[in-house]
Amino acid sequence: MAKFMKSAFQNPLSFYGILLIEVLAYSSYGVFINLSRVNGIIMYKSSSLVLLLEIIKFTISFMILWSEKNKLNYKQIKFRSVISFSLPALCYGINNNLAVYMQDHMDPSTFQVLCNLKIVSTAVLYRLIMNRKLKFVQWLSLTLLTLAGMLNSYIGMKDKPQSLNDVYLTPVGLSLTLVYCFLSGLAGVYTEYILKKEPMTLLSLQNCYLYIFGILFNFTFWYTQTAEDESLFQGFTLYTWLVLLTQLVD
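Residues numbered from 1 in each chain as written. Predicted model: local features only at pLDDT ≥ 70, side-chain atom pairs only at ≥ 80, totals over all residues. Heavy atoms only, no water.

1. Regarding the overall build of the protein chain
Heads up, the rule is: Helix numbering and strand numbering both begin at the N terminus, where a helix is a DSSP run of H or I of at least 4 residues and a strand a DSSP run of E of at least 2. Accessible area is worked out with a 1.4 Å probe on protein chains only. A residue is then buried under 20% of its type maximum, exposed over 50%, and partly exposed in between. By definition in these notes, contact holds between two residues if any of their heavy atoms fall within 4.5 Å.
Check the secondary structure of the protein chain and you find 11 helices and 0 strands. If you list the helices and strands of the protein chain from N to C, you get α-α-α-α-α-α-α-α-α-α-α. When each of the 250 residues of the protein chain is scored for burial, the buried share is 40%. Put simply, 83% of the contacts in the protein chain that link residues at least 6 apart link residues at least 24 apart.

2. Some points on empty space enclosed by the protein
What counts here: A pocket here means an open set of points on a 1 Å grid, computed over the protein atoms alone, that has protein on both sides within 12 Å along at least five of seven lines. A cavity is instead a set of points where a 1.4 Å probe fits but cannot get out; residues with an atom within 4 Å of a point line either one. Grid points are joined across faces, edges and corners, and a volume is the space filled by probe spheres set on the points. Residue polarity is assigned by list, with Asp, Glu, Lys and Arg as charged and Ala, Val, Leu, Ile, Met, Phe, Trp, Tyr, Cys and Pro as nonpolar; anything else, Gly included, falls into the polar class.
Under the criterion given, the structure shown has 1 cavity of 30 Å³ or more. Approximately 50 Å³ is the volume found for the largest cavity. For the largest cavity, the full set of lining residues is Tyr29, Leu49, Val50, Leu53, Asn96, Val100 and Gln247. Only helix H3 (46–67) and helix H5 (86–101) provide two or more residues apiece to the lining of the largest cavity. Here the lining of the largest cavity gets 3 residues from one element, more than from any other, and that element is H3. Of the residues that constitute the lining of the largest cavity, the class distribution is 5 nonpolar, 2 polar and no charged.

3. Quick look at the nonpolar core
For soluble globular proteins, the rule of thumb is that nonpolar side chains tend to be buried together. Put simply, the rule reads: Nine residue types can take part in a nonpolar core, namely buried Ala, Val, Leu, Ile, Met, Phe, Trp, Tyr and Cys, and a core is a set of them joined through side-chain atoms within 4.5 Å.
Counting residues in hydrophobic clusters, the biggest one holds 31 residues, and the most contacted among them are Tyr29, Ile33, Tyr44, Val100, Met102, Phe111 and Tyr180. The element contributing the most residues to this core is H3, with 4 residues. In this view, Ile33 contacts Ile42, Tyr44, Val100, Gln103 and Val243; residues no more than four positions away in its chain are not counted. Counting residues in each nonpolar core, the second largest holds 12 residues, with Leu202, Cys208, Leu210 and Phe213 among its members.

4. So, the packing of aromatic side chains
The condition is simple: Only centres within 6.5 Å qualify two rings of Phe, Tyr or Trp (six-membered ring in Trp) as a pair; their planes then separate them into stacked at under 30 degrees, edge-to-face at over 60, and tilted for everything else.
In total, this model carries 14 aromatic pairs according to the counting rule given. Look at Tyr29 and Phe111: their rings are 5.9 Å apart centre to centre, the planes differ by 35°, and that puts the pair in the tilted class. With Tyr29 in helix H2 (residues 12–35) and Phe111 in helix H6 (residues 108–115), this pair connects stretches of sequence that are 82 residues apart. Each ring, one from Phe213 and one from Phe217, has its centre 6.4 Å from the other, and the planes form 25°; the classification is stacked. In this pair, Phe213 and Phe217 are both assigned in helix H10 (residues 203–225), 4 residues apart and thus about one turn of the helix distant. An aromatic cluster of three or more residues is present, and its members are Tyr44, Phe233, Phe236 and Trp241.

5. With respect to H3
Threshold: What a helix should span is 1.5 Å times the count of its residues minus one.
Here H3 is 22 residues long and its end C-alpha atoms lie 32 Å apart, about the 32 Å a rise of 1.5 Å per residue gives. Buried within H3 are the following residues: Ser46, Ser47, Ser48, Leu49, Val50, Leu51, Leu52, Leu53, Glu54, Ser61 and Leu65. Looking at the buried residues of H3, the elements they touch are H5, H10 and helix H11 (238–249).

6. Details of the UniProt feature "transmembrane region" (unreviewed entry) in the protein chain
Condition: UniProt positions are given in the numbering used here, feature names are shortened, and annotations may be inferred rather than shown by experiment.
In the numbering used here, UniProt assigns the feature "transmembrane region" (unreviewed entry) to residues 49–67, 136–155, 167–190 and 202–225. The annotated region residues 49–67 carries 100% helix and 0% strand content, and the separation between its end C-alpha atoms amounts to 28 Å. Helix makes up 83% of residues 167–190 and strand 0%, whereas the separation of the span's terminal C-alpha atoms amounts to 34 Å.

7. What about the pattern of salt bridges?
Our working rule: Salt bridge, as applied in this entry: a Lys or Arg side-chain nitrogen positioned within 4 Å of an Asp or Glu carboxyl oxygen.
A complete count under the given rule lists 2 salt bridges for this structure. A salt bridge links Arg37 to Asp104; the shortest N-O distance between them is 2.9 Å. Of the two residues, Arg37 is situated in the loop between H2 and H3 and Asp104 in the loop between H5 and H6; the sequence distance between them amounts to 67 residues. A residue is classified by how much of its surface remains accessible, and Asp104, at 36% relative accessible area, is partly exposed. Where Lys196 meets Glu192, a salt bridge forms, and the shortest distance between an N and an O atom there is 2.9 Å. Placement of both Lys196 and Glu192 in helix H9 (residues 171–197) is noted, with a separation of 4 residues, approximately one turn of the helix. Residue class for Glu192 comes out partly exposed when judged on its relative accessible area of 26%.

8. Examining a nonpolar patch on the surface
Here is the rule we go by: Candidate patch residues must exceed 30% relative accessible area and have no salt bridge, after which like charges are joined if within 9 Å and Val, Leu, Ile, Met, Phe, Trp or Tyr side chains if within 5 Å. Under the convention used here, a 1.4 Å probe and the Shrake-Rupley method define accessible areas, while residue burial counts only the protein chains that appear.
Residues Ile21, Ile60, Leu245, Leu248 and Val249 make up a contiguous nonpolar surface patch of roughly 390 Å² in combined accessible area. Of all the elements, H11 adds the most residues to the nonpolar patch, at 3 residues. Mapped onto the secondary structure, Leu248 falls in helix H11.

Put into structure tokens, the structure is as follows:
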């Protein structure tokens, strides 16, 4: 994986190709969520989608770890190191489920615009947790991004949309967005804090820790949400699988 990323950055065409795929995957998430509706309703459980995503990510990380097993130092595997990944895993688990639920309270374009506010929360939390100072230009950029999000929220604020084609945002959706952005920033910054605290531990091993907790949390969410006769793939459509694919690429 490291060799692949290194060669991609050395080759401009590969770099811009990967960048384009990332942009398309990121921007199409909300669109595919809405297209996956049946008669305007999301029929599947968000937790089943996120659980599958965590299982696939863990499998990929474990395969990478297995290829690097000669570099693995078993003395680095400590309970404190493992359990520290439970907090970001919980934040990611809540957020990934929120991202699906939020689609009932805003249109895809509003979702994409407001989710950029997680950049603001990440920067502020990075300043507090990692003690990194931001330049004036960076604070100015964050302020403009916040104002843009507030303006978009004010223009599109509605209690209930007339149709799925409307540009809208409900008060509940705005509240969920604030929670989403805070948890996203907290999870990202805290994960980086853990990674930098133990730089000698293999990244693939740390990813396995994170995804194991992600599987446990999301299995709990899914199990408590579903009836006994419901399968993990209940309500899945072609667009649901495309949602899953965009999250893997992103």
